[in-house]
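Structural characterization, general
The residues making up each chain are set out below.
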Amino acid sequence: MCGIVGYIGHREAYPIIIEGLKRLEYRGYDSAGIALFDGTSLNVSKTKGKVADLENCVQQEIPNLGHIGLGHTRWATHGVPNSVNSHPHISNSGELVIIHNGIIENYAALKQELISRGYTFKSDTDTEVLINLIEDVKKKENVKLGKAVQIALNQVIGAYAIAVFDKAKPDEIIIARLGSPLAVGIGENEFFIASDASPFIEFTKNAVYLEDEEMAIIREGKDIKIRKIKDDSLVDTYVQELQINLEQIEKGGFDHFMLKEIFEQPKAINDTYRGRLLREEAIIKMAGVEDNMKKFLNANRIIIAACGTSWHAGLVAEYIFEDLARIPVEVEYASEFRYRNPVITENDVLIAISQSGETADTLAAIKLAKSKGAFVFGVCNVVGSSIARETHAGAYTHAGPEIGVASTKAFTTQITVLTLMALRLARAKGTISSSDFRHHLLELEMIPKKVEKALKAEASIKEIAYTYKDVSNFLYLGRGYNFPVALEGALKLKEISYIHAEGYPAAEMKHGPIALIDENMPIVVIATKTPHYEKVVSNIQEIKSRKGKIIGIVTEGDKTVRELADHVIEVPETLESLSPLLNTIPLQLLSYYIAVMLGKNVDQPRNLAKSVTVE
Ligand code: M6R
């Protein structure tokens with residue numbers, strides 16, 4: 001978490017850093033800060049709150065001058081969000097400046113050591129310890145800043161993406177990464193540093209992504225030199241051409257990124273299967289699967305590891321893989337899996353699902369599975385992310401940048417990729433007939449149009465949102481493929497509206513949650529036409545007898561549920577295996593409108609961050 005931005009070059013650093021921080025606010029937004037050096041004075045401004053609050057402070061406090069600067073938007077780990085704990089942090093001498101994303105785990109021991117040698121600390125952060133450690137090394141060893149950073153980082157345990165500069169040498173920024181992303185935009189005699197490329201895409205399309213355990217010395221007007229932190233060996237600089245554009249990271253007329261991303265789903269799903277689903281030839285082409293077909297076909301089982309919404313996509317995949325390809329699947333919370341001493345063998349395949357590709361727990365699960373010899377396949381959205389690089393093979397979701405903290409298009413595109421994989425494997429194993437396979441391809445190709453249709457229910461969903469916006473609890477029920485959709489609907493509501501919500505398999509209701517039902521409890525029931533339809537209708541009857549308020553997600557033209565429910569939201573008909581792709585849409589809109597009506601910050605809900613790079 002935390003977003004970091006730096007600039008060195010011929011332009012004023014201030015506007016570049018402030019605009020860049022705004023684009024990275026999805027990574028953390030409890031406090032923000034900036035340090036600018038104009039050749040004479042170092043101007044630092046920090047505040048609790050958002051980047052907009054920082055802008056106000058800067059205008060009152062410091063001149064916006066300087067061609068070198070570092071900025072930070074924070075998701076607090078060590079120390080409460082306030083101006084003292086926010087970054088940048090300055091070393092005791094007042095010479096060195098740092099911004100940091102990550103956690104220095106052995107900071108307490110390092111701090112004690114530094115205190116014993118006379119260092120003092122203003123903040124509660126691990127970052128202030130790191131910058132003083134660098135200063136200490138620089139003085140003791142009498143080395144340049146780059147060398148001091150390298151020596152200091154070799155004493156550190158934890159995760160970091162850092163940028164550091166020295167007032168005495170303002171033509172140079174040192175950066176390093178281990179476990180947190182870091183990109184460098186290469187312009188004409190200028191460099192941009194950021195947690196992802198979004199802060200600099202209007203300035204340059206050329207970027208270098210630092211790998212774990214690498215650091216770089218960036219010299220204004222000169223070059224970037226990348227070295228290994230461990231042994232100082234030089235690494236080749238690989239400049240990539242960026243594929244994203246400004247339009248993709250702007251709201252494009254929508255009030256919030258979340259709404260924009262909900263409405264982008266028809267295109268996103270299409271982009272996910274484009275070039276992979278060849279309906280006329282009746283084939284699915286996925287290089288990562290094709291090249292490793294034997295691994296999949298010989299696998300004892302597939303383990304899926306993920307967190308949050310990606311974990312829900314994994315649960316949907318469990319149904320698809322078992323149902324279509326007849327491969328046993330276990331779905332694991334990456335955070336539990338990594339510490340459970342799980343039984344993993346060389347004949348297991350682990351699929352890691354992650355929108356950001358940076359989630360620390362998912363990365364750790366991957367490393368664990370690799371260490372036991374399992375084959376690891378990644379399903380990521382962010383191209384070049386840590387998980388994409390750490391896995392043996394993978395498939396991108398191609399959803400485009402997802403900026404709203406609540407995941408929407410990432411979920412449906414993950415399901416699309418996993419469906420394609422399941423279908424491909426089913427065909428290879430012969431567990432699906434040719435006609436069934438063709439039918440799936442045809443239906444999958446029709447999903448974007450059907451999502452468009454499902455989105456048309458927006459106005460009636462708004463009315464439902466208005467009716468229930470003031471309740472304190474919600475229940476979400478679904479069966480089979482749609483049980484994970486119920487979980488996802490509840491998570492969406494919780495995270496952006498702060499209303500308590502729980503998802504359950506519909507039939508589990510009678511084993512406990514039914515006690516919660518009274519005339520004040522809204523219950524969203526996914527009751528589309530699937531083989532469990534009649535059973536779900538019985539569950540609806542049970543709710544009705546207890547006076548619960550029923551919001552039914554139904555297939556177009558449904559009459560039975562309409563008669564029983566207080567509200568219905570129609571979605572087009574599709575195959576059961578594809579129904580999560582449609583049934584999710586009204587749940588996303590419902591949570592969005594409830595949160596908007598409650599005046600919540602939809603894109604940046606409290607306490608959350610888009611990519612969770614700490615444990
Ligand atoms: O980037 P990832 O998919 O690995 O992120 C996993 C979760 O942190 C994420 O899905 C989170 O639950 C979202 N806020 C859900 O909307």
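Residues numbered from 1 in each chain as written. Predicted model: local features only at pLDDT ≥ 70, side-chain atom pairs only at ≥ 80, totals over all residues. Heavy atoms only, no water.

A few points about the overall build of the protein
The condition is simple: Secondary structure elements follow DSSP: runs of H or I of four or more residues count as helices, runs of E of two or more count as strands, with numbering from the N terminus. Each radius of gyration reported is based on C-alpha atoms, and the globular scaling rule is 2.2 Å times the count of residues to the power 0.38. Working definition: with a 1.4 Å probe on protein chains only, accessible area under 20% of the residue-type maximum means buried, over 50% means exposed, and in between means partly exposed. Any two residues whose heavy atoms approach within 4.5 Å are treated as being in contact. Note on areas: these come from Shrake-Rupley sampling with a 1.4 Å probe, and a residue is covered only by the protein chains present in the view.
Across its full length, the protein carries 20 helices and 27 strands. Relative to the 2.2 N^0.38 estimate, which gives 25 Å for 615 residues, the radius of gyration of the protein is 26 Å and therefore close to what a compact globule would have. The buried share of the protein, taken over its 615 residues, is 60%. Taking all contacts inside the protein whose residues are at least 6 apart in sequence as the whole, residues at least 24 apart take part in 70%. When the accessible surface of the protein is summed, it comes to about 23400 Å², and 48% of that surface belongs to carbon and sulfur atoms.

Considering the site of the ligand
Heads up, the condition is: Residue proximity to a molecule or strand is established when one non-hydrogen atom of the residue lies within 4 Å of it. Definition of a polar contact: a pair of N or O atoms within 3.5 Å, with one able to donate and the other able to accept a hydrogen when the atoms are protein atoms, and with sequence-neighbouring residues admitted only if both atoms are side-chain atoms. Under the scheme applied, nonpolar residues are Ala, Val, Leu, Ile, Met, Phe, Trp, Tyr, Cys and Pro; charged residues are Asp, Glu, Lys and Arg; polar residues are all the others, including Gly.
Close to the ligand lie 14 residues, the nearest being Ser310, Ser354, Ser356, Thr359 and Glu495. Between Ser310 and the ligand, the recorded distance is 2.6 Å, taken from a side-chain N or O atom to an oxygen atom. With respect to the ligand, the backbone of Gln355 contributes an N or O atom lying 2.7 Å from an oxygen atom. Bound to the protein, the ligand loses 92% of the 420 Å² it would expose on its own. At the level of secondary structure, the elements contributing two or more residues to the shell around the ligand comprise helix H10 (308-325) and helix H17 (483-497). Looking at the shell around the ligand, the element that brings in the most residues is H10, giving 3 residues. Considering only residue class, the shell around the ligand consists of 4 nonpolar, 8 polar and 2 charged.

Some thoughts on helix H16 (residues 458-468)
The condition is simple: Directions from the helix axis toward the C-beta atoms define the arc.
Those residues of H16 that sit buried are Ile461, Ile464, Ala465 and Tyr468. Projected down its long axis, H16 carries its buried residues within an arc of 105 degrees, all on one side. Exposed residues lying more than 90 degrees from the buried face of H16 are Ala459, Glu463 and Tyr466. For H16, the secondary structure elements touched by its buried residues are strand S23 (473-478), strand S25 (522-526), strand S26 (549-555), strand S27 (567-571) and helix H20 (579-597).

Some thoughts on the environment of Gly314
When you line up the elements, Gly314 lands in helix H10. A residue is classified by how much of its surface remains accessible, and Gly314, at 0% relative accessible area, is buried. C-alpha of Gly314 to C-alpha of Asp470: the two residues are 156 residues apart in sequence and 32 Å apart in space. When near neighbours in sequence (up to four residues on either side) are disregarded, Gly314 contacts Ile304, Val331 and Ile353.

Here we look at the domain arrangement of the protein
To keep it simple, the criterion reads: Each domain span listed reflects an automatic or database assignment of domains.
The domain boundaries assigned to the protein delineate domain 1 (3-248), domain 2 (251-455) and domain 3 (457-605). Taking the mean C-alpha position of each, domain 1 and domain 3 sit 45 Å from one another.

What about the side chain of Arg27?
The cut-off we apply is this: Under this rule, positive means Lys or Arg and negative means Asp or Glu; His and the chain ends count for nothing. For this analysis, a salt bridge means a side-chain nitrogen from Lys or Arg found within 4 Å of a carboxyl oxygen belonging to Asp or Glu.
Along the chain, the position of Arg27 falls in the loop between helix H1 (13-23) and strand S2 (31-37). Buried charge without a partner: Arg27 forms no salt bridge, and the closest opposite charge is Asp196, 5.0 Å away. Apart from the residues lying within four places of it in its own chain, the contact partners of Arg27 are Met1, Cys2, Gly3, Trp75, Asn101, Pro181, Ser195, Ala609, Lys610, Ser611 and Thr613.

Topic: the pairing of strand S21 (residues 375-380)
Heads up, the condition is: Convention used here: a crossover is right-handed provided that the path from the first strand, over the helix, to the second strand proceeds clockwise when the strands point away from the viewer. In short, DSSP must find at least two bridges between two strands for them to pair.
Taking burial as the measure, the 6 residues of S21 include 6 buried ones, the bulk of the element. Side-chain alternation along S21 places Phe375, Phe377 and Val379 on one buried face and Val376, Gly378 and Cys380 on a second face that is also buried. Taken together, strand S20 (residues 348-354), helix H12 (residues 360-371) and S21 form a β-α-β motif whose crossover is right-handed. In this structure, S21 lies alongside strand S22 (residues 393-396), joined through 4 bridges in parallel fashion. Bridge pairing in S22 places Gly378 opposite Gly394.

Looking at the pattern of salt bridges
Opposite charge on two side chains permits them to pair, given that their charged atoms come into close proximity. In total, this model carries 36 salt bridges according to the counting rule given. A salt bridge links Lys169 to Asp171, with the shortest nitrogen-to-oxygen separation between them at 3.5 Å. We classify Lys169 as partly exposed; its relative accessible area is 33%. Where salt bridges share partners, they join Glu113, Arg117, Asp136 and Lys140 into one cluster.

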